[in-house]
Each structure stands twice: as C-alpha cells, then as structure tokens.
Amino acid sequence: MRRSRADYQVVPYAKYRRWMVAAYGWAAQHKHMIHGLIEVDVTRARAILREHQATTGESLSFTAFLIGCLAKAVDEHKAVQAYRQGGRRLIVFDDVDVLTDIERDVAGRKYVIPHVIRAANRKTMRELHDEIRATQRADGKNLLKGFRPLSLPTVLFRPFLWVWDWIGRMRPRLWKSIVGTVEISSVGMFGTGAGWGISPPSAAPLMLTVGGIGEKQVLVDGHTVSREYLCVTISVNHTIVDGAPTARFAQRLKELIESGYGLSDVIPTAAPEPAATDRLSPGKVAAEHT
C-alpha cells in the first residue's frame, strides 16, 4: 500500500527485490570474480541494423546480436562456462545457455525477470531475436507465482541459498537448468554515451555486462573517421577460470562482434568482414575520446 506524507512517500519494497538482494549478497561472498573492461567497435553492426530498420521497418534486437556473438565465443572456449562439481571436478557443458534480464510489466509494476535462452550457440540471429521479442510480449500476470523462493519467509532466504548452493555444487546440471551457463546484462540500454558497468556477481561462471556506446575519432590510412565503440565488462569466476583463457575468449568475442557475426543470417547483404583489429595495423591506428 502506498502512503503519502508531507515531504515523502512510503511505497512497498517488493518481496522479489528482497530475494534479489539476498541472492546477490550471497554471490558476492562466495564468488571470486575478476573483471576485464574492453572496448569493441560496433560501427559495422549498428550500421547494418539501422539500414535493415530503414528498409523493412523491423527493429532487430542488438542484445540478440550480442548474445549470438557471446554464445559463439563461449562455444569455442568452453572452459569459461565450467561449473565445479564438489572439490575435484569441473563440468563443461556442450550447450551455451545464456541468462538475460528482460523488463516485464507484472500486475502494473515493472520487474526485471531473468530468462534463459537454451542452446544459444545452436541458434541463429533470427531465432534469438524472435525468442527475446516473444518473451517481452508474453503475459507476465502469473510470472512470479511459480517462483518458489518467494513463498518462503524473508528470514529463510539466506538458509535457502546456502542449501541451494550446496546442492548445486553436487549437481551442476541443476544450476544450469536455473541460471544457464553464462549471463549477459545490458545496463547500457538505459542511458546514452560511453561507460562501463560492473554487475553484482552472477551465479553463472561467466558474466557479460554491456555498457554504453561512445564515438571515437580513429586514424585509418591517414584519414580520420568516426567509429562507435561499445563498453563491455567481462567477469569470470577466478576459482574456475584463469586469466589466459579468459583473455583468449575476450579476443574472440571482440572479433565476432566487430565482424558482424550472425547478421548475414537475417540480412543477406550483411556478409561478415574482418574484425577491426585485423584490418587496422597498429602503426596506422590512433584513437582518442571525443
């Protein structure tokens, strides 16, 4: 119930939010995360998407494009999505299940609801786009009723998380069924300009936080051109993944995004081109923030 005062309002603090606070607090205490902040040239991909919208009127999901690139990079470097089983084993799944947050209208209130895209490494850009749009349109009326932790008293959230973690470490497939194997959070979609974000630790081994997009003036063959750069934060569980495999994964992800990977599945004229890091030699490239 909303109550008004002379200089402030009292509004309910949703139980779903209280659950999220408990879950993120638990993850922060138990996950040893390392973060890498990178910039990725998305000029080509965004130009293709804008051209497609101008031609057809359809707005393709930029998040779906990023998920396709993420799933492909993880598929080639599966160590970054490994789960621990007990103290002596790692379980490396074949499928890349991507957890993404989608804002939904539930009973007149806005909720960010997690959605797992199963086997994203086996889906085309069109399939990823259609699944995201269908999830956004789906009726959210009973969406939270089937979320079992919300039936618990708030005081039992932390004990429940402890038991859930113990069961998950013994049965990684349970974790995978609930939170996928990697997570992507697009915080940059709510603002403008460049900037990185560092999200709370994820229950999944790998987290990709998509930040803002800014322009840079880049010198290519003696000519100054404007390029769009996306700020991306890569977070991995250092208990499982070392820096070297993470760096190789990050480089491959960067190449896929900059080449427009997967867009040709939807837009035939969008043939991938070499990544910017391949096309521009270090002696011919200089960049600075505008």
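Residues numbered from 1 in each chain as written. Predicted model: local features only at pLDDT ≥ 70, side-chain atom pairs only at ≥ 80, totals over all residues. Heavy atoms only, no water.

**Some thoughts on the overall build of the chain**
Within the chain, the secondary structure is distributed over eight helices and eleven strands. For the chain, with 290 residues in total, the buried portion stands at 44%. For the chain, contacts bridging at least 24 residues in sequence account for 67% of all contacts bridging at least 6. Accessible area for the chain stands at about 15500 Å²; split by element, carbon and sulfur atoms hold 53% of it. (Helix = DSSP H or I, 4+ residues; strand = E, 2+ residues; numbered from the N terminus. Buried < 20%, exposed > 50% of the residue type's maximum accessible area, 1.4 Å probe, protein only. Contact = heavy atoms within 4.5 Å. Areas by Shrake-Rupley, 256 points an atom, 1.4 Å probe, with all protein chains shown as cover.)

**Digging into the environment of C69**
On the secondary structure map, C69 appears in helix α3 (residues 62–76). C69 sits in the buried class, given a relative accessible area of 0%. Separated by 186 residues in sequence, C69 and E255 place their C-alpha atoms 9.1 Å apart.

**What about the nonpolar core?**
Looking at soluble globular proteins, one finds that nonpolar side chains tend to be buried together. Ranked by size, the top nonpolar core spans 43 residues in total, and within it L70, L206, I234, F249 and L253 carry the most contacts. Going through the elements one at a time, α2 (43–56), α3, α4 (125–137), β8 (182–186), β9 (206–220), β10 (223–237) and α7 (243–258) are the ones with two or more residues in this core. The element best represented in this core is α3, accounting for nine residues. Leaving out residues up to four positions away in the same chain, L70 has contacts with V98, V182, I184, L206, L208, F249 and L253. (Core = buried A, V, L, I, M, F, W, Y, C linked by side-chain atoms within 4.5 Å.)

**Quick notes on the packing of aromatic side chains**
Tallied over the full model, the rule gives two aromatic pairs. When the ring of F62 is compared with that of F65, the centres are 5.8 Å apart and the planes differ by 40 degrees; the resulting orientation is tilted. Taken together, the residues F62 and F65, both in helix α3 and three residues apart, mark about one turn of the helix. Residue classification places F65 among the buried positions, given a relative accessible area of 1%. Across the ring face of F93, the terminal group of K176 is positioned such that the distance to the ring centre comes to 5.3 Å. A cation over an aromatic ring shows up here: K216 above the ring of Y229, its NZ or CZ 5.2 Å from the ring centre. (Phe/Tyr/Trp six-rings, centres within 6.5 Å; stacked < 30°, edge-to-face > 60°. Lys NZ or Arg CZ within 6 Å of the ring centre and 35° of its normal.)

**Brief notes about a nonpolar patch on the surface**
Taken together, the side chains of W162, V163, W166 and M170 present a nonpolar region at the surface, about 430 Å² in accessible area. Its location among the elements puts M170 in helix α5 (residues 157–170). M170 gets classed as partly exposed once you look at its relative accessible area, which sits at 36%. (Patch = residues over 30% accessible without salt bridge, like charges linked within 9 Å, V, L, I, M, F, W, Y side chains within 5 Å. Salt bridge = Lys/Arg side-chain N within 4 Å of Asp/Glu carboxyl O.)

**A few points about the confidence of the model for the chain**
Reading predicted coordinates in detail is not appropriate for stretches of low pLDDT. Summing up the model confidence of the chain, the mean pLDDT is 83 and the portion of residues at 70 or higher is 84%. Contacts for the low-pLDDT stretch residues 275–290, under 50 throughout, to residues beyond four places or in other chains number 33 contacts. (pLDDT = per-residue confidence, 0-100.)

**Remarks on helix α6 (residues 172–179)**
Within the sequence span of α6, burial applies to P172, W175, K176 and V179. Looking straight down α6, one finds its buried side chains confined to an arc of 100 degrees; they lie on one side. G180 lies just past α6 and shows a positive phi near 75 degrees. (Arc of directions from axis to C-beta.)

**Quick notes on the side chain of N121**
The topology assignment puts N121 in the loop between β7 (109–117) and α4. Reaching out from N121, the side chain makes a polar contact with the backbone oxygen of D94 at a distance of 3.4 Å. If near-sequence neighbours (up to four positions away) are discounted, N121 is found in contact with A71, D75, D94, D95 and V96. (Polar contact = N/O pair within 3.5 Å; in protein donor to acceptor, adjacent residues only side chain to side chain.)

**Observations concerning the packing of α3 against α4**
Remark: α3 packs on α4, axes separated minimally by 9 Å, with the N-to-C direction vectors making an angle of 130 degrees. Considering the angle they form, α3 stands oblique to α4. Considering only the axes of α3 and α4, their crossing is right-handed. Residues T63, A64, F65, I67 and G68 of α3 form the contact with α4, whose participating residues are M125, L128, H129 and I132. Classifying every residue of the contact of α3 with α4 gives six nonpolar, three polar and no charged. (Axes fitted to C-alpha atoms, helices over the stretch in contact; angles between N-to-C directions. Parallel < 35°, antiparallel > 145°, perpendicular 65-115°, else oblique. Left-handed = near helix turned anticlockwise from the far one by under 90°. Nonpolar A, V, L, I, M, F, W, Y, C, P; charged D, E, K, R; others polar.)

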